[in-house]
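Report on the structure
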Amino acid sequence: MATEPATEQVLQGPAAWEEEAGREHVHGLGPWRLGLRRLRRNKVALLFGLLFILLVAACAAAPVWADKVAHTTPDANHLSDTITVDGESKNVVGLDGVPIGPQWFKADGKFFLGADRNGRDIMVRLLYGGRNSLVIGITAAFMTTLLSIILGTVAGYFRGSSDAVIRAVLDVMWSFPVIILGTALGVALALGGLKIGPIHISGDSLVITILIIGLVYVPYMARPVRGQVLSLREKEFVEAAKAQGAGPIRIMFTEVLPNLASTILVFFTLLIANAVLLEAALSFLGAGVRPPTPSWGTMIDEGVDRIATAPHLAIVPGAMLVLTVLSLNVFGDGVRDALDPRAKVRLEH
Amino acid sequence: MGRFIVRRLIQMTFVLFAVSIMTFLIFNVIPNGDPAERMAGRQPREAQIEAIRKEWGFDDNIFVQYFTTMKKVFTGDLVSYFTQLPVGEEIVKGLPRTLSLAIGAAILWMFVAICFGLYSAVKAGKFADRFLTIIALIGISMPVFWIGALMNHYLGYKLGWFPNGGYVEFTEDPIDWAYHLILPWTALAILFIGFYSRVLRSNVLDTINEDFVRTARAKGLGERQIMIRHVLRNSMIPIVTLWGLDFGAVVGGGAILTETVFDLQGVGQYAAEAVGQLDVPPVLATTMFAAFFIVLLNAIVDILYAYLDPRIRLQ
């Protein structure tokens, strides 16, 4: 007799709550909605996010500019050519070897930002180079994210020996500064490229740079991911899923990954910024993109060599790089503040 | 404490061993053709490749190869096939320059970051805070070799305020030494100032709400004393750890770009030049040197930390 009222109450409970919620029209917002609302209020972050999209769009449109405005290609030399500026004829590269500076629209868009020492159109190279830098940055960031999620979740969820091995490898990789590990791999792979079974990647290929950059940042993301998975696996909802008979793969996709999503998103944004920076550093040292393939890194490298006579050669690609990285950093910061303010994300080393 | 140190040193030995294996794997085992050919550099001669293959024992089994390589690294037997100079001597020669750069930059970035971070936290949400945040973000978005090259060109070459690259020994003339290093220190410090001031700002904002700060205020301490003696001191702990690790990272690798731009001729520039020539032996040695330095500094920081904070020893 004593248990009867209690059972009734439990059965009535949820129905009663639902009724109450319906009466007061309380609509709870999910974490993503709340995050989006917070991000929308952060006008600075949105502005810089827009800037990044514009930069990507501009670089994606590189062939259009080269074809329709500058009428040249990124690798075409105009060493002995002349252009007409305000009715008078000028050498693209002066007799003293100094290339012309920015012409803006005075030569109908030709040499908009001047020429380099081989008489190549800097604006065209800047856009094509940006395309390469961004492709490297985004693909490498994607690779890092994927590897980190796999390694981090396996290590954190299964613990035991797989955790010990993964952690040891990540710790050792972490002992090398990013730039040193990158250059070491770059040097080792530059001559001869990479041969894995039937696949042969040439040493000049952008794929090598992508693989290197994608690999060296893995410890910086996989370690925090592992830490989060470690705490998630002890949560009640994981226990509940286990009690319902869900296997590890299913728990991974339905319980663990959705809870990692905001961290992953923040990391991904900041990883692109760091990957673009690392590409520039590796190319500057000669262990990244190989000239004459344009990238912002190789262009800065060529520009720094000529900084005394033609400083615009270094300033222009560097400024584009800073603008891109800054826009990603500000936007990534905004996303983090909106979704996961407590996340401690750090990549530089 | 003694037990902690022993445990930490044993752990360090294991990591050093693993680091040496990893370096070996990168240069000797990555599957891309003939390692002897790679070792010989850009324009290898047939006889030299054959000599290198014999010298490094690339035909031996992999364990023997590992020992041969390590023996060469640690007995100073390693010779660049590009310059024909012994690698060990070159690293020892460059080390004082690299340390001069790293120590000066580390002091500079810590000092400026404390000023920026504290001011930013005190003015949180106001214009000054937002302004400093943007400045810090610009700082971490700039490649050091780019801003360094621009500083060198405009402040050094064009305006003539600073020497245009180069290095003077400290023992020769300490003032000229510092004068030559001002630009490199600044260029290297910019990134870290941006990063540290942001970390410090958020730490200070966390600490400000602690009970002991309220107690300090309640007992009538002045605002300046609260900020410096109570808030700053407690916010500094995580930063000091980072500082030790980043110092190791700069000596081990961060200096590679700065030294090249300012022509300081330290270990970093030595490595950078070797990278440019695809000269494997110096790159191998500097890679290992970098990782060893970082592992060593990690251990020192941990031990110091355990000395300062007894709770850590028990973990």
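Things to note about the interface of chain A and chain B
The interface of chain A with chain B comprises 43 residues on the first partner and 41 residues on the second. Secondary-structure elements contributing two or more residues to the side of chain A that touches chain B are helix 6 (160-175), helix 7 (178-190), strand 3 (194-196), helix 11 (248-285), helix 12 (296-305) and helix 13 (312-339) of chain A. For the side of chain A that touches chain B, the class distribution of residues is 32 nonpolar, 8 polar and 3 charged.

A word on the environment of Trp-104 of chain A
Along the chain, Trp-104 of chain A turns up in the loop between strand 2 (88-91) and helix 5 (122-158). The spatial distance from the C-alpha of Trp-104 of chain A to the C-alpha of Ala-58 of chain A is 17 Å, given a sequence separation of 46 residues.

Side note on the packing of helix 6 of chain A against helix 1 (residues 2-29) of chain B
Where helix 6 of chain A meets helix 1 of chain B, the axes come as close as 9 Å, and the angle between the chain directions of the two elements is 80°. Here helix 1 of chain B runs roughly perpendicular to helix 6 of chain A, going by the angle between their axes. Where helix 6 of chain A abuts helix 1 of chain B, its residues Ala-168, Asp-171, Val-172 and Ser-175 of chain A lie against Val-15, Ala-18, Val-19 and Met-22 of chain B. Its residues assigned to classes, the contact of helix 6 of chain A with helix 1 of chain B shows 6 nonpolar, 1 polar and 1 charged.

Digging into the packing of helix 6 (residues 127-141) of chain B against helix 8 (residues 174-207) of chain B
Residue and element names in this part refer to chain B. Between helix 6 and helix 8, whose axes approach to 7 Å, the crossing angle comes to 135°. With respect to each other, helix 6 and helix 8 are oriented oblique. Along this stretch, helix 6 crosses helix 8, giving a crossing that reads as left-handed. Counted together, Leu-132, Ala-136, Leu-137, Gly-139 and Ile-140 of helix 6 and Ile-190, Leu-191, Ile-193, Gly-194, Phe-195, Ser-197 and Arg-198 of helix 8 form the full contact between these two elements. Along the lines of polarity and charge, the residues of the contact of helix 6 with helix 8 split into 8 nonpolar, 3 polar and 1 charged.

Focus: the nonpolar core
For soluble globular proteins, nonpolar side chains are generally found buried alongside one another. With 171 residues, the main nonpolar core has Ala-275 and Ala-281 of chain A as its most contacted residues. In terms of residue count, helix 11 of chain A provides more of this core than any other element does, 18 residues in total. Aside from chain neighbours lying at most four places away, what touches Ala-281 of chain A is Ile-179 and Gly-297 of chain A together with Pro-143, Phe-145 and Leu-257 of chain B.

Rules used throughout
- Residues numbered from 1 in each chain as written.
- Chains lettered and ligands numbered in written order.
- Predicted model: local features only at pLDDT ≥ 70, side-chain atom pairs only at ≥ 80, totals over all residues.
- Contact = placed C-beta atoms within 7 Å.
- Helix = DSSP H or I, 4+ residues; strand = E, 2+ residues; numbered from the N terminus.
- Nonpolar A, V, L, I, M, F, W, Y, C, P; charged D, E, K, R; others polar.
- Axes fitted to C-alpha atoms, helices over the stretch in contact; angles between N-to-C directions.
- Parallel < 35°, antiparallel > 145°, perpendicular 65-115°, else oblique.
- Left-handed = near helix turned anticlockwise from the far one by under 90°.
- Core = buried A, V, L, I, M, F, W, Y, C linked by C-beta atoms within 7 Å.
- Buried ≥ 20, exposed ≤ 12 C-beta atoms within 10 Å, placed from the backbone.

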